[in-house]
Amino acid sequence: MRGSVVGQLNHIYRDSGIDRIGTSKHEADAKIREDLKAAGNSSPSKHELAEHRGIHGTGTRDNYLQVWKEFFNDQKAEYGKFDADKITADDVERFLAEKIDRGVARATIKHDAAALEKLQKAMNDLAQREGRDTRHDWKQTLREARERAVKELDKDHYDRSFLDPRAVVDALKREDHQLVAKLQLEGGARVSEASKIEAHQLAGIWTTRQGQEVGGYCVHGKNGKIRAITMSPDTYRQLEAHIEAKGQLKVDYDRYREGLLAAAQATGQFKEIEVQ
């Protein structure tokens, strides 16, 4: 698909048939139920109805288009160019996983997943209208993101940016939790990238072109690309020693998160943000 991000977004929304504003949602649901019954599903769930339904409200349209645009811009930033037809389930997983790792509210993931589900329908409907073979299937990816959000995120949103993050790290009671937090603080690692590290990932200590000495380990990052998480030599030596003693660095997410919240409270940096 050619054109700018906005151009492709407008083409998908305008020409896919997803725009059902001004038409009856009740009548649309009745037709969906009829079609699903003919296909062997005589008792569709609310979610199944929503999957097949177009966009009937202006508020929903504006909210969903905002998520589509954010997602498209994220793809352009990742690849340097953007073609909506080349979006994969891995791209969807990365987009939502990064939000979960930032600690957004559970409702945000639920909302964004619904918007991306509607985007999938619009893109598939558009391809069918234009006689193209392109088909997107993100259903499993979206389900897994919703399940992960339920497990890892609170209904309320907790601010995970701290005025003094080093104090939070120092206040963690467990050595392995401190180590994971240091990897996040110094190397920008996601929780999933710092909470399980094995010996074969260690890359040693080296000097950068800028003359800075750093240690690092390798992870499979965005879309399977291998990248290095770097840190201070002291933190690297701690990581290396831990893996040598324990066989790997591995922490339970829930316990780590509880430890972070307790450390934040202990240093007076914890606040709850109510989600309206």
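Everything below is about the structure printed above this text.
Rules used in this analysis
- Residues numbered from 1 in each chain as written.
- Predicted model: local features only at pLDDT ≥ 70, side-chain atom pairs only at ≥ 80, totals over all residues.
- Heavy atoms only, no water.
- Helix = DSSP H or I, 4+ residues; strand = E, 2+ residues; numbered from the N terminus.
- Contact = heavy atoms within 4.5 Å.
- Core = buried A, V, L, I, M, F, W, Y, C linked by side-chain atoms within 4.5 Å.
- Buried < 20%, exposed > 50% of the residue type's maximum accessible area, 1.4 Å probe, protein only.
- Expected span 1.5 Å × (residues − 1).
- Pairing = 2+ DSSP bridges.
- Axes fitted to C-alpha atoms, helices over the stretch in contact; angles between N-to-C directions.
- Parallel < 35°, antiparallel > 145°, perpendicular 65-115°, else oblique.
- Nonpolar A, V, L, I, M, F, W, Y, C, P; charged D, E, K, R; others polar.

Peer 1: An account of the environment of glutamate 213 is requested, with residue identities and associated values reported.
Peer 2: Structurally, glutamate 213 can be placed in strand S4 (residues 213-220). Along the primary structure glutamate 213 and aspartate 101 are separated by 112 residues, whereas in three dimensions their C-alpha atoms are 28 Å apart. Residues within four places of glutamate 213 in sequence aside, it is in contact with Ile205, Trp206, Thr207 and Pro233.

Peer 1: Lay out the nonpolar core in plain terms, naming residues and giving numbers.
Peer 2: In this structure, Ile12, Trp68, Phe72, Ile87, Leu116 and Leu119 are the most contacted members of the largest nonpolar core, which totals 29 residues. Mapped by element, the contributors of at least two residues to this core are helix H1 (5-15), helix H4 (58-79), helix H5 (89-102), helix H6 (106-129) and helix H7 (139-152). In terms of residue count, H6 provides more of this core than any other element does, 7 residues in total. Each residue touching leucine 116, except ones within four places of it in the same chain, is listed here: Val67, Phe71, Val92, Phe95, Leu96, Trp138 and Leu142. Counting residues in each nonpolar core, the second largest holds 24 residues, with Ala189, Met231, Tyr253 and Leu260 among its members.

Peer 1: Describe helix H9 (residues 175-187), and please don't skip the residues or the numbers.
Peer 2: Taking 1.5 Å of rise per residue, 13 residues should cover 18 Å, and H9 covers 18 Å from first to last C-alpha, within 8% of that figure. Positioned one or two residues after H9, glycine 188 has a phi angle of 70 degrees, which is positive.

Peer 1: Give a detailed account of the environment of serine 45, specifying residues and quantitative values.
Peer 2: As for its position among the elements, serine 45 is in the loop between helix H2 (25-38) and helix H3 (46-52). Under the relative-accessibility criterion, serine 45 is labelled partly exposed at 33%. C-alpha separation for the pair serine 45 and arginine 33, spaced 12 residues apart in sequence, amounts to 9.8 Å.

Peer 1: Run through the side chain of glutamate 117, naming residues and quoting values.
Peer 2: Looking at the element boundaries, glutamate 117 is found in helix H6. When residues no more than four places from it in sequence are discounted, the contact partners of glutamate 117 are His47, Glu51, Leu142 and Arg146.

Peer 1: Break down the sheet that holds S4 for me, with residues and values.
Peer 2: Strands sit in the order S3-S4-S5 across an open sheet of 3 strands; the sheet is antiparallel. Strand pairing shows two members of the sheet lacking a second neighbour, strand S3 (202-207) and strand S5 (226-231), which therefore form its edges. Across the sheet, the mean angle from the axis of one strand to that of its neighbour is 35 degrees, orientation sign disregarded. Alignment of S3 against S4, held across 5 bridges, turns out to be antiparallel. Paired with glycine 204 across the bridge in S4 is glycine 216. Relative to S5, H9 is tilted by about 100 degrees, and along the sheet it contacts S4 and S5. The strands touched by helix H11 (residues 233-246) are S3, S4 and S5; relative to S3, the strand with the most contacts, the crossing angle is about 155 degrees.

Peer 1: Give me the packing of H1 against H6: which residues, what numbers.
Peer 2: One can describe the packing of H1 onto H6 by two numbers: an axis separation of 9 Å at closest approach and a directional angle of 75 degrees. Considering the angle they form, H1 stands roughly perpendicular to H6. Only Leu119, Ala122, Met123, Leu126 and Arg129 of H6 make contact with H1, whose side of the interface consists of His11, Ile12 and Asp15. Residues of the contact of H1 with H6, tallied by class, amount to 5 nonpolar, 1 polar and 2 charged.

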